[in-house]
Amino acid sequence: MTKNQIRKVYKTKRAKLSAQEVEEKSMAIANQLLSLSVWDYQFYHLFLSIASHKEVDTEFILHILSGKDKNIVVSKSDFKTLEMQHFLLTDSTPIKVNDWGIPEPQNGIEIQAQQLEVVFIPLLAFDLNGSRIGYGKGFYDRFLENCSPNVIKIGLSFFEAEVQLIEASPLDVPLDYCVTPEKVHKF
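Residues numbered from 1 in each chain as written. Predicted model: local features only at pLDDT ≥ 70, side-chain atom pairs only at ≥ 80, totals over all residues. Heavy atoms only, no water.

A look at empty space enclosed by the protein
- Applying the stated criterion to the full structure yields one cavity of 30 Å³ or more.
- Arg14, Phe47, Glu55, Val56, Pro122, Leu123, Leu124, Leu156, Ser157, Phe158 and Phe159 together form the lining of the largest cavity.
- Considered class by class, the residues forming the lining of the largest cavity number eight nonpolar, one polar and two charged. (1 Å grid on protein atoms, 1.4 Å probe; cavity = no way out; pocket = protein on both sides within 12 Å on 5 of 7 lines; lining within 4 Å. Points joined across faces, edges and corners; volume = space filled by probe spheres on them. Nonpolar A, V, L, I, M, F, W, Y, C, P; charged D, E, K, R; others polar.)

So, the environment of Gly136
- As for its placement among the helices and strands, Gly136 is situated in the loop between β8 (132-133) and α4 (139-145).
- Taking the relative accessible area as the measure of exposure, Gly136 reaches 55% and is therefore exposed.
- Sequence spacing of Gly136 and Lys3 is 133 residues, and the spatial spacing of their C-alpha atoms is 8.7 Å. (Helix = DSSP H or I, 4+ residues; strand = E, 2+ residues; numbered from the N terminus. Buried < 20%, exposed > 50% of the residue type's maximum accessible area, 1.4 Å probe, protein only.)

Section: the pairing of strand β2 (residues 71-78)
- Judged from the three bridges that link them, strand β1 (residues 43-45) and β2 form a sheet pairing that is parallel. Note on β2: the bridge partner recorded for Tyr44 is Ile72.
- For the crossover from β1 across helix α3 (residues 59-67) to β2, the handedness is right-handed.
- Sheet topology places β2 next to strand β3 (residues 83-88); six bridges connect them, and they run antiparallel. Residue pairing in the sheet places Asp78 in a bridge with Glu83 of β3.
- What sits between β2 and β3 in their antiparallel hairpin is a turn of four residues, with Leu82 showing a positive phi close to 60°. (Pairing = 2+ DSSP bridges. Right-handed = clockwise from strand over helix to strand, strands pointing away.)

Notes on the packing of helix α2 (residues 19-33) against α3
- At a minimum axis distance of 8 Å, the contact between α2 and α3 shows a crossing angle of 30°. Residues Glu23, Ser26, Met27, Ala30 and Leu33 of α2 form the contact with α3, whose own contacting residues are Phe60, Ile61 and Ile64.
- For the contact of α2 with α3, the residue count by class is six nonpolar, one polar and one charged. (Axes fitted to C-alpha atoms, helices over the stretch in contact; angles between N-to-C directions. Contact = heavy atoms within 4.5 Å.)

Description of the nonpolar core
- In terms of nonpolar packing, the biggest core is built from 54 residues, with Leu33, Phe120, Phe143, Ile154 and Leu156 touching the most fellow members.
- The element contributing the most residues to this core is α3, with five residues.
- Among residues more than four places away in sequence, those in contact with Leu156 are Ile29, Leu33, Phe47, Val56, Thr58, Ile61, Phe120, Ile121, Leu123, Cys178 and Val179. (Core = buried A, V, L, I, M, F, W, Y, C linked by side-chain atoms within 4.5 Å.)

Quick word on the pattern of salt bridges
- Applying the stated rule across the entire model yields three salt bridges.
- With a closest N to O distance of 2.7 Å, Lys3 and Asp172 form a salt bridge. Here Lys3, found in helix α1 (residues 3-15), pairs with Asp172, found in the loop between β9 (152-156) and β10 (177-179); they are 169 residues apart in sequence, far enough to count as distant.
- Look at Asp172 and you get partly exposed, because its relative accessible area is 23%.
- Asp176 serves as the salt-bridge partner of Lys153, at 3.1 Å between the closest nitrogen and oxygen. Taken together, the residues Lys153 in strand β9 and Asp176 in the loop between β9 and β10 connect sequence positions 23 residues apart.
- Judged by its relative accessible area of 24%, Asp176 is partly exposed. (Salt bridge = Lys/Arg side-chain N within 4 Å of Asp/Glu carboxyl O.)

Here's the deal with unusual backbone geometry
- Phi angles above zero are rare outside glycine, and Asp69 is one such case at about 55°.
- Following the sequence through the fold, Asp69 ends up in the loop between α3 and β2.
- Given the relative accessible area of 66%, Asp69 is considered exposed.

Topic: the sheet that holds β3
- Judged by pairing direction, the sheet is mixed, and its seven strands sit side by side in the order β3-β2-β1-β6-β9-β10-β11 without closing on themselves. The open sheet has two edge strands with one neighbour each: β3 and β11 (184-186). Within this sheet the neighbouring strands show an average axis-to-axis angle of 25°, counted without direction.
- Taken together, the five bridges between strand β6 (residues 118-122) and β9 define a ladder with parallel strand orientation. Residue pairing in the sheet places Pro122 in a bridge with Leu156 of β9.
- Contacts from α3 reach β1, β2, β6 and β9, with the element oriented near 140° to β2.

Here it is as structure tokens:
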């Protein structure tokens, strides 16, 4: 299958999930994350979920990070340049849902990509080599290229790895881990 065919399959699979399944699977993913040895860092980038796309609900991860007193960084997407700007999430950070349904900060304390130590990544599918498929705009590949080479990249998926290897382009940045409700994949 091509990337676009895989993308369609996983969008359909996610669309069939009930709200209760999304919540239960998201909580299971957050619980699986606790087994990773990635909690000694300070700067964690977390995506805010697009509820209408039935993405992994990151609210549970947000609570873990807050409970561990970590610096949580969220992004604002620029659909003209296909790049993201990153802001420290504080109690006073204004969040607004944009035209594409993405909750994002309006402004705040800007954080540079090089400061980030752990990045949680949304995706539609992944394979056993750590290749992933997102929505196809390349936001995360561009963003990850600007991060430190040592940044830990953690994909979050409701579904297990695609058996067929995903054709990676030279611009694709592979994951270090992908966490599903059932297990942690390390690459």
